[in-house]
Structure formats: structure tokens, C-alpha cells
Amino acid sequence: MPTFRTMCPMNCHPTLCGMLVDVEDGKVEAVRGDPDNPDSRGFLCIRGHAAREIIGNPQRLLHPLRRSPRSGTWQRTTWADALDTIAQRARAVGPRAVGAWSGHGFFANDYGTRLSSELLRRFANLYGCQWWNPNLICWGLGAFGLGLTGVLEASTKEDMGAHSALILLWGANLASQPNTGRHLAAAKRRGAHVVTIDVRRTEAAAQSDETMLLRPGTDAALALGLMHVIVSERLYDAAFVARHTVGFDALAAHLAGYDVAWASAATGLERERIAALARRYATTKPAMILLGGSSMHKGAEGWQGARAVGCLPALTGNLGIPGGGLGPRHGASSHGQGLASIAARERRPPGDDVPDQMSRITEALEDGRVRVLLLFGTDMVSSFADAGRVAAALERLDLVATYDLFMHDTARRHADLVLPSTSWLETTGCKSTNTHLYLMPKVLDPPGEARPPAWVLRELARRLEVRDFFPWTEETGALDALLDHPATGHATAAGLAAEGGIRPLKISHVAYPDLAFHTPSGKVEFVSERARSLGLPALPVFEPAPRSAHPLALRTGRTLAHFHAFYDHGRALPTLAAADPGPRLWISPADASERALSDGDEIRVFNERGEMQARAFVTDRIPAGTVWIHDGWTALNTLTSGAPVLPDAAVDLFTFSSGQAEFEARVDVVRVRG
């Protein structure tokens, strides 16, 4: 039975796992972890094992479908009819009234190399339609705060395992980073002290020496309190601060108002624990902080939390040294990591662009600036905040087309056309971790009429007379162009195949080994003039959340069985559907008792924007006043705020988008009476 080396199609970055696939007679007989993959070393979680259920799945979309009106029944159509319809509607409204947006489902074969996303962006730039960055719903807002401070690069998990003496898992859950766990265990065997900082007792807490549970949205307050102790007790690295930072005197004066009593009141943590952590962090070297990914930064204060936490390694001289700085983080790159671009940004025609800002995109759907919407691998109403408003806006559009593997909420409720996509194994791709490049070869022919992203975009480009969209003669030409970068050793698909599909990247495992930081000054900026010029605070601050009529702070994240809205919230894959059969809201015993709730009760979670049904999971792993649920569930984002966090001028300050909405939600819970 032939066995093929590939990568798991679940995009759990910074964890991406190697996979061996047994194929016979065009069918996947088995999948297992690849023991020779240097990142995952044979590990494959339940999500990866469930991937085999994509192939041959009876719910899989196999043919283009259309309906008219949207409330009608689906009818099978041809690719020619579907693409002609899109082109006709696009010509009628003009390029600037066409929007294109993609999600994680579009990157199953190329997460880390962004091939499909770059092709979509190239199409949008050459055609002149709207294109919005996929990461505006994810990690971009937190990275904005890190970028203002100047510490975007991350050291690798291997560096952490080999060198760190203290590790702070700050909002970083091992359910999101299972491959980091092995290196965390190695660090602990060496004697490293591990602290989890989070809003609930996550899987990471079980691997930690201590866990600190703080109120949601108060990460900046804790970081300010830690900095107050470090500066007031003169525990900072004066030599590093003098050589490699800007604005220390202003920061020191600013911190006078953020003592441990204030930090304790803001975070709910005991004063003594805050002070003890500050002293431990300042006096234990090297110390590394693993900052949480998307879930930590989904909140109005998310970027300020990252901005403040990013100052800590600079204060203590923990940058540019093995085992220090900031560790693996969703969306982060290692030092030297990079790729070429095929997006043709310089060829974009002038026009009225809707900013990479979630609230502005929703407004553009509402007011008619965007009238045709093309969605690739994304369940938009599951992903966007204030989803009730988004759903109403989608109903106003002239045409909504989705390209995906399975039906999902957006397709079922709002699409006019549904186009069947290819899955992993059905087209050539390539993934990149922070340390390695991995080829994903084509192993199977696509079922039915499923077509790969490049084919769909080439056919649209031909109909819309978009010239030079795919100038490469080889099918792998676009991938080869992307990989033509020093970090990859100017790799090609053929070269990777000849090497067994794996190539180490030419990177530094230590972030900022040259101590040249991502700021105009080239230093870590405690005071950011860029922030000031954008109307934002120049120094790290904490602003408490406004008072709400609803008493419970809602937070979201991942579990080992589920993340995002992949595969119709996992419902399409039997293994994941069985492991996580429905939404469960974590709620403390005190909050449950106050509402006469028992574990397993059917409940209604609601606020002024919307509501959803779930079951109560009563647990002492979450403190009173906070509730938690994993993201992606139907109706969850009807609860969240779509208000902008940053001014429009700020969202594209860096190469990624920071235009995430608040995603804030305070809720209440009642039992559904039978």
C-alpha cells in the first residue's frame, strides 16, 4: 500500500504536524503522525486523525450549486454557469464593488506559505476589487501592540526547550500548541519554572508550577503592575535599557501610578503573587514569555495587553539571548523567516478601498459599496463579530458566492452560489513552520467537480479580462515564485520533492540576535511616537471595561477537538462531532448556583445583541464572573461587539492587518425550561 508524506490540513499554527497517509485505489486507508517530521516527531492529535474523514465524506460538496431566491432549494449547475454568473454580476457593479475574503479553510494546503491567499490577493490587485486580510479576525490586533513596542519576532520552541529557565504561558494554551508541549517538558526536566497566566485553568495549567487566573481583559494591568515592581525595586537591566530602548525615564514616571495594590484591584490577583512573579521574572534568566494567540487578543484591550507585555523582556534584558524574549505565537515569524510575494501590490489600480477593518467591511456591505462578495474557505457569519448585523448586511448583496468543502452557516443562509473546493491531498501545496518547509504533494484526484483555488481564480481572471494573473508555465510556478527567498534556500516544489519533502529554514532560533528591533528607532520603544501620531497612547496603559448590564465576561478559545468553524464547526467529521457534540459554556459553581443551574443543563446565553443555546459546564476551573466557550459555534458571534478598536489609519501600519473588532461580550445565562 503506497504511503505518502504530507502535513495535517488542520491549521493549528504555530503547531503544524507531519502526517503519513496510506492510500489504496484512490481511498485514504489510514493517517498517522510522521515520526521523521522535525516539528511534530510523530505526534498527531484527534483533529489530525479526523482529517481522513474529509475524503469520501458524504456531506462533501462535489458540484457547483445555485439557488434563486436565497430561500429556495439548491440546484446543481455547471462551473461555466457559476463563473459566468459571478463575472456578469461583477461587470455590472464594477471592480471596487466586488469584495474577496478568505479564511483558514482556504489555507489547508499552504498555511505558512500563503500560496492561495497570495493568489487571491494578486487577483484582487490586478482586477482592482476589494481584498481584506484573513488575519483581521485572528492574531493581528495583539501583534499590533507587539509591533509598536518592537518585538514581533518569536524565538522557537526548540530554543525554549533547550535554554529557558522561566516560562510564562501568558494566555497560551497547549491545546493550541501541542507541539510546544514536548519542549516545555524538556525545559521542566532541566529545572525551568513554568507559570500559566489565563482566565481559566487550561490544559497548560496541568503542566505548570503555578497558575494565575486574572479577570478577562486585564493583561495590560498585570504587565504594568509587574513593571512597577521591577522598576521601583531596581531589578531592571540598566545596561540593556540604556543601549537598546527608548523612553525609559517616561515609562518609569508613568509606572508610579500602577503599583501592586492597583494591579491587584484591576486583575483580581493577590498583591503578593504579583510582586513575587515580578521578582522571579526579573531575577531568573533566561526567561521566555509565550503570549496567547487569537483568543487573548479578542477584546478591546487586546492590543494594549500585548503592548505592555512586550515591554517586559526589554526591561529585564531578555531579548536577543537564547531562552529569552517571546516564544512561539500564532502568526509570529522567527528571525530571518520570509517568503517572496506574488501579490502584485504595485500594480493595484487607484480607487476607493474599504479598509482592512472589520467594522468598515460590515458597513460597506450595508451601504452598497460592496455588492458582490466572494468568500473562500470561510464561514463569515461565524467569524465576524456582531454576526447578526453581518447576516442582515449579507442579505442586501447582489451576489454571495462561497468556495468550500462543506456547507456551513453562511452558505446555507446567505449564498447564491456554492463552489466545491479541493482538500489536502488533492492539489500540490507547501506549509511552513517557524523552522521548516514541508511539501504537500498531490496524492488523489479531486472528487466530482471539485477544483483547486488556482483553477477557480484563473477562470475568473479569464472571464474578467484580468491579464497576467497566472504568468507561470508550470502548475507549481506560483509556489516556486513564493519560495524564491533566502530563508528557504530558494526552494522549489521539485527540489523539495527530491529531498523527501522537508527542508530546514535558514533562520535563527533566537529572536533579535542582532538586537535590531521592529521600530523606527531600531530600539524597543517604551514610548511610541508612531502610536502618538495615530492618536493612541504613546505609553502602555490599561483602560477598564465600561460597566455593563450583563454580569458575566465571555471569552472564547480552542479545545483539542475543535477550533474555529472548520468543516461546519466540526459537524461534518464524525470523530470531531462525537468528541464535541455541542456548545458547552464553562461557568463557575458560584455563578451557576446563583442562576439555579446544574451541570449539563440546557441554557440560553444572551445580551443586547443576540443569543445562543448551549449546555452548562459547571467547573471550578473558571473563576466567578467569567464564562468561556470554544469559538466557531453557530450564533456565538451574535453576542460579540463589532466596534472598531483602532483608527482606520492604524490597521495596516504593519504587513499584517490589525483591523479586528472588539469581540467584547458581557452576557447573562438562564436555564431553558423544559
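Predicted, not measured: the structure shown is a model, and the values here were computed from it. (Residues numbered from 1 in each chain as written. Predicted model: local features only at pLDDT ≥ 70, side-chain atom pairs only at ≥ 80, totals over all residues. Heavy atoms only, no water.)

K.L.:
Please explain the overall build of the protein chain as it appears in this structure.
P.N.:
For the protein chain, the count of helices and strands is 24 helices and 26 strands. Scaling as 2.2 N^0.38, a compact globule of 674 residues should have a C-alpha radius of gyration of about 26 Å, and the protein chain matches this with 24 Å. Each principal axis of the C-alpha distribution contributes one length, and for the protein chain these read about 70 × 60 × 55 Å. With 674 residues in all, the protein chain has 65% of them scored as buried. Restricting the contact set of the protein chain to residue pairs at least 6 apart, pairs at least 24 apart contribute 76%. A distance of 1 Å separates the average location of the 70 positive side-chain charges in the protein chain from that of its 72 negative side-chain charges. (Helix = DSSP H or I, 4+ residues; strand = E, 2+ residues; numbered from the N terminus. Rg over C-alpha atoms; globule rule 2.2 N^0.38 Å. Buried < 20%, exposed > 50% of the residue type's maximum accessible area, 1.4 Å probe, protein only. Contact = heavy atoms within 4.5 Å. Lys, Arg positive; Asp, Glu negative; His and termini not counted. Charge placed at Lys NZ, Arg CZ, Asp CG, Glu CD.)

K.L.:
What am I meant to see in unusual backbone geometry here?
P.N.:
Most of the time, phi is negative for any residue but glycine, and the peptide bond is trans. Here Ser68 and Pro69 are connected by a cis peptide whose omega angle stands at -5°. Its location among the elements puts Pro69 in the loop between strand 4 (65-66) and strand 5 (75-76). Lys285 connects to Pro286 through a cis peptide bond whose omega is -5°. Relative to the helices and strands, Pro286 resides in the loop between helix 11 (271-283) and strand 12 (287-291). With phi around 55°, Arg114 is a residue other than glycine that occupies positive phi space.

K.L.:
Sorry, what's going on with the pattern of salt bridges here?
P.N.:
In a structure, side chains of opposite charge can pair up when their charged atoms sit close to one another. What the rule picks out here adds up to 38 salt bridges. Across the pair Arg66 and Asp81 runs a salt bridge whose closest N-O atoms are separated by 2.7 Å. Residue Arg66 is located in strand 4, and its partner Asp81 is located in helix 2 (residues 79-93); the two are separated by 15 residues in the primary sequence. On the accessibility criterion, Arg66 (27% relative accessible area) is partly exposed. Linking Lys442 and Asp445 is a salt bridge whose minimum nitrogen-to-oxygen distance equals 3.7 Å. Accessibility expressed as a relative area gives 63% for Asp445, which makes it exposed. (Salt bridge = Lys/Arg side-chain N within 4 Å of Asp/Glu carboxyl O.)

K.L.:
Looking at this model, I keep getting lost on the sheet that holds strand 19 (residues 502-504). Mind explaining?
P.N.:
What holds strands together in a sheet is hydrogen bonding between their backbones, with the strands either parallel or antiparallel. With antiparallel pairing, the three strands of this open sheet are ordered in space as 17-18-19. For this open sheet the edge positions go to strand 17 (429-432) and strand 19, each flanked by a neighbour on one side alone. The average undirected angle you get between the axes of adjacent strands in this sheet is 20°. In the sheet, strand 18 (residues 436-440) pairs with strand 19 via three bridges, with the strands oriented antiparallel. What sits directly across from Leu437, in strand 19, is Arg503. (Pairing = 2+ DSSP bridges. Axes fitted to C-alpha atoms, helices over the stretch in contact; angles between N-to-C directions.)

K.L.:
What exactly am I supposed to notice about the packing of aromatic side chains here?
P.N.:
Working definition: an aromatic ring pair is given by the centre-to-centre distance plus the angle between the planes. What the rule picks out here adds up to 23 aromatic pairs. Plain terms: the ring middles of Phe123 and Phe469 are 6.2 Å apart, the flat faces sit at 90° to each other, and that makes the pair edge-to-face. Here Phe123, found in helix 3 (residues 115-127), pairs with Phe469, found in the loop between helix 18 (453-463) and helix 19 (477-483); they are 346 residues apart in sequence, far enough to count as distant. Phe123 sits in the buried class, given a relative accessible area of 2%. Ring centres of Trp139 and Phe656 lie 5.2 Å apart, and the angle between their planes is 55°; this geometry places the pair in the tilted category. Taken as a pair, Trp139 in the loop between strand 7 (130-132) and helix 4 (140-149) and Phe656 in the loop between strand 25 (626-630) and strand 26 (666-671) lie far apart in primary sequence, 517 residues in all. Note on Trp139: relative accessible area 12%, which makes it buried. Grouping aromatic residues by their ring pairs yields a cluster made of Phe106, Phe107, Tyr111, Phe376 and Tyr403. Note that Arg200 overlies the ring of Trp586, its terminal NZ or CZ placed 4.5 Å from the centroid. Over the ring of Trp628 we find Arg200; its NZ or CZ atom is 3.5 Å from the centre of that ring. (Phe/Tyr/Trp six-rings, centres within 6.5 Å; stacked < 30°, edge-to-face > 60°. Lys NZ or Arg CZ within 6 Å of the ring centre and 35° of its normal.)

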